[in-house]
Amino acid sequence: AQSVTQLGSHVSVSEGALVLLRCNYSSSVPPYLFWYVQYPNQGLQLLLKYTTGATLVKGINGFEAEFKKSETSFHLTKPSAHMSDAAEYFCAVSEGPGNQFYFGTGTSLTVIP
Amino acid sequence: AAGVIQSPRHLIKEKRETATLKCYPIPRHDTVYWYQQGPGQDPQFLISFYEKMQSDKGSIPDRFSAQQFSDYHSELNMSSLELGDSALYFCASTPPTGRSTEAFFGQGTRLTVV
């Protein structure tokens, strides 16, 4: 069984500050991990993904995430927040190609000028 | 690059009516997923199809049915609509197994039941 927990349904940061969005997962098999971003009234856009290999994954718009197996975590970070980063962020886990995605409940990021 | 196309983008229906949502996956993608996202909620998996056969089933109500056609597009049919069916319905597609691990999502169909 797979599940995802995102700590903090709302996160506010000042423009230029570090962004940290937390994601913990449970999986009975080696997980495939994803972060998606959703802007208002838009679809889900992939930020980054971890499948195998390097545990530090870099994505679009300056985001990165690190897969830590011992902590079952896949936290999303960005060194300096930009106003355009304000959106809903979803962490997701999958057992692999062709399998459904299990989403966390999402974290709404607000960037304060 | 071609993306997942969903139609219509917006749909307003009355209670007890029926609705049909369409999804056109990225060319050569053989797997389609349907998700339902209620207001302020995370996407919930409804059903998926691989090579025109149902491959997995989630929390899809019995009032809903779906299928994948020979051209790989998929339709979600919703009958006896209820107010609680108001949500954003996403379709996603993935390429043949082993070629990619990510799902590509459409922009969704926003269904409002009044």
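Only a predicted model underlies this, so the values are computations on that prediction, with no experimental measurement involved. Residues take numbers from 1 onward in each chain, read along the sequence in its written order. A letter from A marks each chain and a number from 1 marks each ligand, given out in the order of writing. For a predicted model such as this one, the threshold for reporting local features is a pLDDT of at least 70, and the threshold for listing and counting side-chain atom pairs is 80 or more; totals across whole chains, interfaces and linings nevertheless cover every residue. Hydrogens and water are ignored here; the side-chain numbers use all heavy atoms of the structure.

Peer 1: Which residues make up the environment of A:Pro31, and what are the values?
Peer 2: Residue and element names in this part refer to chain A. Within the secondary structure, Pro31 is located in the loop between β4 (24-26) and β5 (32-38). For each residue, the accessible area found with a 1.4 Å probe, counting protein chains only, is set against the maximum for its type, and the residue is called buried under 20%, exposed over 50%, and partly exposed in between. Exposure remark for Pro31: the relative accessible area of 7% places this residue in the buried category. The sequence separation of Pro31 and Ser3 amounts to 28 residues, and the corresponding C-alpha distance is 10 Å. Contacts were defined at the residue level, with two residues in contact if any of their heavy atoms lie within 4.5 Å. Residues within four places of Pro31 in sequence aside, it is in contact with Tyr25, Tyr50, Thr51, Phe67, Val93 and Ser94. Every helix listed is a DSSP run of H or I at least four residues long, and every strand listed is a run of E at least two residues long, numbered separately from the N terminus.

Peer 1: Lay out the pairing of strand β4 (residues 31-37) of chain B in plain terms, naming residues and giving numbers.
Peer 2: Residue and element names in this part refer to chain B. The buried fraction of β4 is high, at seven of seven residues. Side-chain alternation along β4 places Thr31, Tyr33, Tyr35 and Gln37 on one buried face and Val32, Trp34 and Gln36 on a second face that is also buried. The pairing criterion for strands is at least two bridges between them, as found by DSSP. Here β4 runs beside strand β5 (residues 44-50); their pairing, made up of six bridges, is antiparallel. From the neighbouring strand, Thr31 faces β5, where its bridge partner is Tyr50. Joining the antiparallel neighbours β4 and β5 is a turn of six residues, in which Gly40 adopts a positive phi near 70°.

Peer 1: Which residues make up the nonpolar core, and what values do they have?
Peer 2: Considering soluble globular proteins, one finds that nonpolar side chains tend to be buried as a cluster. All names here are of chain A. What is meant by a nonpolar core is a set of buried Ala, Val, Leu, Ile, Met, Phe, Trp, Tyr and Cys residues, joined one to another through side-chain atoms within 4.5 Å. Core analysis: the biggest nonpolar cluster contains 26 residues, and Trp35, Leu48, Leu76 and Tyr89 have the highest contact counts within it. Contributions of two or more residues to this core are made by β2 (10-14), β3 (19-21), β5, β6 (44-50), β8 (64-68), β9 (73-78), β10 (87-94) and β12 (107-112). With residues near it in sequence (within four places) discarded, Leu48 still touches Leu33, Phe34, Trp35, Val57, Lys58, Gly59, Phe63, Glu64, Ala65, Phe74 and Leu76.

Peer 1: Provide a residue-level description of the pairing of β5(B), including the pertinent values.
Peer 2: Residue and element names in this part refer to chain B. Counting buried positions over the seven residues of β5 gives five, a clear majority of the element. Where β5 meets strand β6 (residues 53-57), four bridges bridge the pair, whose relative direction is antiparallel. Directly across from Tyr50, in β6, lies its bridge partner Met53. From the end of β5 to the start of β6, which pair antiparallel, there are two residues, and Glu51 there has a positive phi angle of about 50°.

Peer 1: Describe in detail the packing of aromatic side chains, supporting the description with residues and values.
Peer 2: Working definition: rings of Phe, Tyr and Trp (its six-membered ring) pair if their centres are within 6.5 Å, and the pair is stacked with planes under 30 degrees apart, edge-to-face with planes over 60 apart, and tilted otherwise. Enumeration according to the criterion identifies 16 aromatic pairs over all chains in this entry. When the centroid spacing of 4.4 Å and the interplanar angle of 25° are considered together, the rings of A:Tyr50 and A:Phe67 count as stacked. Taken together, the residues span a long stretch of sequence, with A:Tyr50 in strand β6 and A:Phe67 in strand β8 at a distance of 17 residues. For the pair formed by A:Tyr50 and A:Phe67, the shared burial category is buried. With centroids separated by 6.3 Å and ring planes inclined at 90°, the aromatic side chains of B:Phe90 and B:Phe105 adopt a geometry described as edge-to-face. With a gap of 15 residues between them, B:Phe90 in strand β9 (residues 87-94) and B:Phe105 in strand β10 (residues 104-105) connect regions that are remote in the sequence. The exposure class assigned to B:Phe105 is buried, which follows from its relative accessible area of 11%.

Peer 1: For the interface of chain B and chain A, give the residues involved together with the corresponding values.
Peer 2: At the junction of the two partners, chain B supplies 21 residues and chain A supplies 20 residues. Across the chain B/chain A interface, buried area totals approximately 1800 Å², and carbon plus sulfur atoms make up 52% of it. One side-chain nitrogen of Lys or Arg within 4 Å of one carboxyl oxygen of Asp or Glu is enough to make a salt bridge. On inspection of chain B and its partner chain A, the count reaches zero salt bridges. In protein, a polar contact requires one atom able to donate a hydrogen and another able to accept it; more generally it is a pair of N or O atoms within 3.5 Å, and residues adjacent in sequence count only if both atoms are side-chain atoms. Our enumeration of links across chain B and chain A arrives at five residue pairs in polar contact (both at pLDDT 80 or more). Where the side of chain B that touches chain A is concerned, the elements lending two or more residues are β4 and β9 of chain B. If one sorts the elements of the side of chain B that touches chain A by residue count, β4(B) sits on top with three residues. When residues are grouped by polarity, Ala, Val, Leu, Ile, Met, Phe, Trp, Tyr, Cys and Pro land in nonpolar, Asp, Glu, Lys and Arg in charged, and all others, Gly among them, in polar. Its residues assigned to classes, the side of chain B that touches chain A comprises eight nonpolar, eight polar and five charged. In short, buried area is how much 1.4 Å probe accessible area vanishes from two parts on joining, totalled over both.

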